Amino acid sequence: MIQRDVIRTLIVETSSKPGNFAKVATAIGLAGGDIGDITTIKDGILSTVRDISVFCESSDQLEDVIKNVRALGPDVIIHAITDDVLKAHEGGKIRMKSRIDVRSLGDLQRIYTPGVASVCLDIQSDPDKARYFTSIGNSVAIVTDGTAILGLGNIGPVAGMPVMEGKAVLFDQFVGISGIPILLDTSDPDKVVETIKHIHQGFGAILLEDIGSPHCFEIEERLKEELNIPVMHDDQHGTAVVALASVLSACRATGVDPEKAVIGQVGLGAAGLAICRMLMAYGVEEVYGSDLQQEALDRLKSYGGQTLQSLEELMATCDIVVATTGVSGLIKPEMIRPGQIILALSNPNPEIIPEDALAAGAAFAADGRLVNNALGFPGIFRGALNAGVSEITYPMLVAAARALANHTKPGELIPNPLDPTVHQVVTRAVELAAQQK
């Protein structure tokens, strides 16, 4: 997912002369800014007023953007600069809302006392009925300890709440699931596992979110063993699903058989290790990983992967290279072998700029701007809940990745997460894979 530190909306008026808006776009680009949404507010005879969303890496870069646009002269006027991100988060992004209107005494008696007692007794006699007569079967707990919030690091669970709310919005909008944020004030694996075990009965599944490495591995593995509902750490497996889909699309574009290719993973944190495991689950015969931490290398070996001691050795060995280190410019152009596929997925700055990799001889290169977890986790959980399974398995995850790759249009790396059909195809693929257990 692309991340920028500063997002602002410029309300810009340009006189109705051909090329004036192009000058504005050029001025923004020359300062290093990226343009997002453009909305025309007024299209008059003499001038046009537009909302222009601008993404910048810093406040200084934003100042450069504003200075460049204002330097265009009297034909271009900035009327206002607004922070639409903060505005969108005012009051939070989610709320619990009733699905039933209470307009009469009869309504009250049906949904509360005395009518509700009969439903409680039904569930007492057959607990599985809670899936159908309560919201449990359509609810997912979004659990974080705040130790690995996006690219921000350990900022704490409360500061990470806007991300958890964002996940809840995507669950609701894309697949109709109720996502409930759960903020934990501990990172101790024993306490995290114990807390989730005590509250899990109110949810149909558990999404672990932005929990740092290495304790994320122990927490997920223990919960999967001890609970009877689906548990998935999105930063591991959600990322890995979308990364595998990206690899499959890149292989299709270059005529490479992914199962026969030698694939290397640079960086074995939560995402990197999960990508290796996903590639092996797909059927790739040779998967190598490299990392500066011996513990990470040992963890990959324990899952059946192979390791290489250096980045240089990995680059010289592998046909496909996936990087998730967070280190900008780590891969040098001289390391590229002709014909390699390079997926440098760190955001906002990749390990190597795709254009530089292609110029150095890569057959295919892409960065992580489109590799968005939002393509995977909604449909994965919807499919798991629909199938009524107790766990999310690798066949289900691989099916999700295949569905994403098959839904990708020629010339694209992966689908647009705003395509409503993409979540439907992922849901269906996961549900079918669950039924084939």
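Each value, and the rule that gives it
- Residues numbered from 1 in each chain as written.
- Predicted model: local features only at pLDDT ≥ 70, side-chain atom pairs only at ≥ 80, totals over all residues.
- Heavy atoms only, no water.
- Axes fitted to C-alpha atoms, helices over the stretch in contact; angles between N-to-C directions.
- Helix = DSSP H or I, 4+ residues; strand = E, 2+ residues; numbered from the N terminus.
- Left-handed = near helix turned anticlockwise from the far one by under 90°.
- Contact = heavy atoms within 4.5 Å.
- Nonpolar A, V, L, I, M, F, W, Y, C, P; charged D, E, K, R; others polar.
- Pairing = 2+ DSSP bridges.
- Buried < 20%, exposed > 50% of the residue type's maximum accessible area, 1.4 Å probe, protein only.
- Salt bridge = Lys/Arg side-chain N within 4 Å of Asp/Glu carboxyl O.
- Patch = residues over 30% accessible without salt bridge, like charges linked within 9 Å, V, L, I, M, F, W, Y side chains within 5 Å.
- Areas by Shrake-Rupley, 256 points an atom, 1.4 Å probe, with all protein chains shown as cover.
- Core = buried A, V, L, I, M, F, W, Y, C linked by side-chain atoms within 4.5 Å.
- Expected span 1.5 Å × (residues − 1).

## A look at the packing of helix H16 (residues 394–406) against helix H17 (residues 420–435)
Direction vectors running N to C along H16 and H17 enclose 145°, while the axes themselves pass 8 Å from each other. The two elements H16 and H17 meet at a crossing, and its hand is right-handed. Across from Pro395, Met396, Ala399, Ala400, Ala403 and Leu404 in H16, the residues of H17 making contact are Val422, Val425, Val426, Ala429, Val430, Ala433 and Ala434. Here the contact of H16 with H17 is built from residues that sort into 13 nonpolar, no polar and no charged.

## Quick look at the sheet that holds strand S4 (residues 76–82)
Taken in spatial order, the four strands line up as S2-S3-S1-S4 in an open sheet, and their pairing is antiparallel. If you trace the sheet from one side to the other, it starts and ends with strand S2 (34–43) and S4, each paired once. The sheet shows a mean angle of 25° between the axes of neighbouring strands, taken without regard to direction. Relative to strand S3 (residues 47–56), strand S1 (residues 6–15) runs antiparallel, the two being bridged by ten bridges. By the bridge assignment for S3, Ile11 is matched with Asp51. On top of the sheet, helix H1 (residues 20–30) reaches S1, S2, S3 and S4; it is set at about 15° to S3, its chief contact. Each of S1, S3 and S4 touches helix H2 (residues 59–70); the most contacted strand, S4, lies at about 155° to it.

## Quick notes on the pairing of S3
One face of the sheet, then the other: side chains in a regular strand alternate in exactly this way. A large share of S3 lies buried, amounting to eight of its ten residues. The pairing of S2 with S3 spans seven bridges and is antiparallel. Its bridge partner being in S3, Thr40 is matched across the sheet by Arg50. What sits between S2 and S3 in their antiparallel hairpin is a turn of three residues.

## Notes on the pattern of salt bridges
A complete count under the given rule lists 15 salt bridges for this structure. Note that Lys260 is salt-bridged to Glu285, the shortest N-O span being 3.1 Å. Taken as a pair, Lys260 in the loop between helix H10 (234–254) and strand S9 (262–266) and Glu285 in the loop between helix H11 (270–282) and strand S10 (286–290) lie far apart in primary sequence, 25 residues in all. Of the two residues, Lys260 and Glu285, neither departs from the other in class, the shared state being exposed. When salt bridges that share partners are traced, they join Asp190, Lys197, Glu218, Arg222 and Glu226 into one network.

## Regarding a nonpolar patch on the surface
A cluster of nonpolar side chains, Ile100, Val102, Leu105, Leu108, Ile111 and Tyr112, forms an exposed patch at the surface whose accessible area comes to about 590 Å². Within the secondary structure layout, Leu105 lies in helix H4 (residues 105–111). According to the relative accessible area criterion, Leu105 is exposed, its value standing at 58%.

## Structural notes on the environment of Pro162
Relative to the helices and strands, Pro162 is located in helix H7 (residues 161–175). Distance in space between the C-alpha atoms of Pro162 and Tyr282 is 34 Å, their sequence separation being 120 residues. Here Pro162 is in contact with His89 and Lys93, once residues within four sequence places are set aside.

## What to know about the sheet that holds strand S13 (residues 341–344)
If you walk across this open sheet you meet the six strands as S11-S10-S9-S12-S13-S14, and the pairing is parallel. In this open sheet, the two strands that pair with only one neighbour each are strand S11 (306–307) and strand S14 (364–367). Looking at chain direction, S10 and S11 are connected through two bridges and run parallel. Following the sheet pairing, Tyr288 is matched in S11 by Gln306.

## Here's the deal with the nonpolar core
Ranked by internal contacts, the top residues of the largest apolar core, which has 89 residues, are Phe171, Ile206, Leu208, Leu343, Ile380 and Phe381. In terms of residue count, H10 provides more of this core than any other element does, ten residues in total. Setting aside chain neighbours within four positions, we find Ile206 in contact with Val140, Ala141, Val143, Ile196, Leu227, Ile229, Pro230, Val231, Met232 and Phe381. In this structure, Val266, Val321, Ala323 and Ala362 belong to the second largest nonpolar core, which totals 19 residues.

## Re H17
The first and last C-alpha atoms of H17 sit 24 Å apart over 16 residues, in line with the 22 Å expected at 1.5 Å per residue. Looking at H17, one finds that the buried residues are Val422, His423, Val426, Thr427, Ala429, Val430, Glu431, Ala433 and Ala434. Buried positions along H17 lie against H7, helix H15 (377–387) and H16.

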